[in-house]
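Close look at the chain arrangement
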Amino acid sequence: MRGTRRFGWLATAAIAAGLVVGSGPAGAASLFVESRGELSDYAPTTHNATDGATADLWAVAAGGSTTFFLFLSGLDPEAAGTTYGVHVHVGPCVAGAPLTSGPHYNTGGTPSPETEVWLDFTVLPGGYGFAVTTVPFTIEPGDAKSIVVHADPTQAGGSTPGAAGGRQACLPVEF
Ligand SMILES: [Cu+2]
């Protein structure tokens, strides 16, 4: 099952619980975005830990910040202990065509967990993985369309911050 929806039950619950402070003007970033489904394969000719895996992404915006929750299942249990880089990208997922996802969503400046959305995860025994990050910005509708799983962990520094190796899987997200 694949689906992206806005203002789902969690947003309703969050508003009821007073967790979401205020709502933006019309056209502003959604308070809650969810996308769930099987990952698109960006490297169909090679076996990867993400082949056939399912991901569920939540983005919850509040007070100008956004918290992202990523949960994955169906990963190859043999990859337990391996860390993969994950980012929000601006372009859409097209299976077998990794470059359609385009560059990282970036608010300007050097790639970092403050200017981009990084959701690296480590495969757990049983083939699960999760990541949580909070960034000091919100994503406007249409400004990003996917999350991409890479072959390596994200480089936080060095000469190529944000680099994480080849693109191996993708999940569409409608911000
Ligand atoms: Cu990326």
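These numbers come from a predicted model, not from an experiment. (Residues numbered from 1 in each chain as written. Predicted model: local features only at pLDDT ≥ 70, side-chain atom pairs only at ≥ 80, totals over all residues.)

Looking only at helices and strands, the protein chain features one helix and 11 strands. Relative to its 175 residues, the protein chain shows a buried fraction of 36%. The contacts in the protein chain between residues at least 6 apart in sequence include a share of 67% that link residues at least 24 apart. (Helix = DSSP H or I, 4+ residues; strand = E, 2+ residues; numbered from the N terminus. Buried ≥ 20, exposed ≤ 12 C-beta atoms within 10 Å, placed from the backbone. Contact = placed C-beta atoms within 7 Å.)

Taken in spatial order, the four strands line up as 3-11-10-7 in an open sheet, and their pairing is antiparallel. Both outer strands of the open sheet, strand 3 (40-41) and strand 7 (86-89), are each paired with one neighbouring strand and no more. When strand 10 (residues 146-150) meets strand 11 (residues 167-172), the two strands line up antiparallel, connected through five bridges. Following the sheet pairing, His-150 is matched in strand 11 by Arg-167. (Pairing = 2+ DSSP bridges.)

With that out of the way, let us pick up the nonpolar core. By size, the foremost hydrophobic cluster in this structure holds 37 residues, and its most contacted members are Leu-57, Leu-70, Val-86, Leu-119, Ile-147 and Leu-171. Going through the elements one at a time, strand 2 (32-38), strand 4 (54-62), strand 5 (65-73), strand 7, strand 10 and strand 11 are the ones with two or more residues in this core. If one sorts the elements of this core by residue count, strand 4 sits on top with five residues. Leu-171 has contacts with Ser-35, Gly-37, Leu-39, Ala-55, Leu-57, Cys-93, Ser-146 and Ile-147, leaving out every residue within four places of it along the chain. (Core = buried A, V, L, I, M, F, W, Y, C linked by C-beta atoms within 7 Å.)

Turning next to the pairing of strand 4. Examined bridge by bridge, strand 2 and strand 4 share seven bridges and lie antiparallel to one another. Residue pairing in the sheet places Glu-34 in a bridge with Trp-58 of strand 4. Where strand 4 hands over to strand 5, the hairpin turn is made up of two residues, of which Gly-63 adopts a positive phi near 60°.

We now examine the environment of Gly-81. Inspection of the secondary structure assignment puts Gly-81 in the loop between strand 5 and strand 6 (83-84). Exposure remark for Gly-81: the 9 C-beta atoms within 10 Å place this residue in the exposed category. Note: C-alpha distance between Gly-81 and Pro-125 (44 residues apart in sequence) is 7.9 Å. Setting aside residues up to four positions removed in sequence, Gly-81 forms contacts with Thr-122 and Val-123.

Moving on to the confidence of the model for the protein chain. A residue-level look at the protein chain finds 85% of positions with pLDDT of 70 or above and a mean pLDDT of 88. Predicted confidence is poor over residues 7-24, with pLDDT under 50, and the contacts of this stretch with residues over four places away or in other chains come to 20 contacts. (pLDDT = per-residue confidence, 0-100.)

What follows covers the environment of Ser-73. With respect to the helices, strands and loops of the structure, Ser-73 is situated in strand 5. In this structure Ser-73 comes out as partly exposed when scored by C-beta crowding, with 14 C-beta atoms within 10 Å. Apart from the residues within four sequence positions on either side, Ser-73 is in contact with Ala-53, Thr-54, Gly-127 and Tyr-128.

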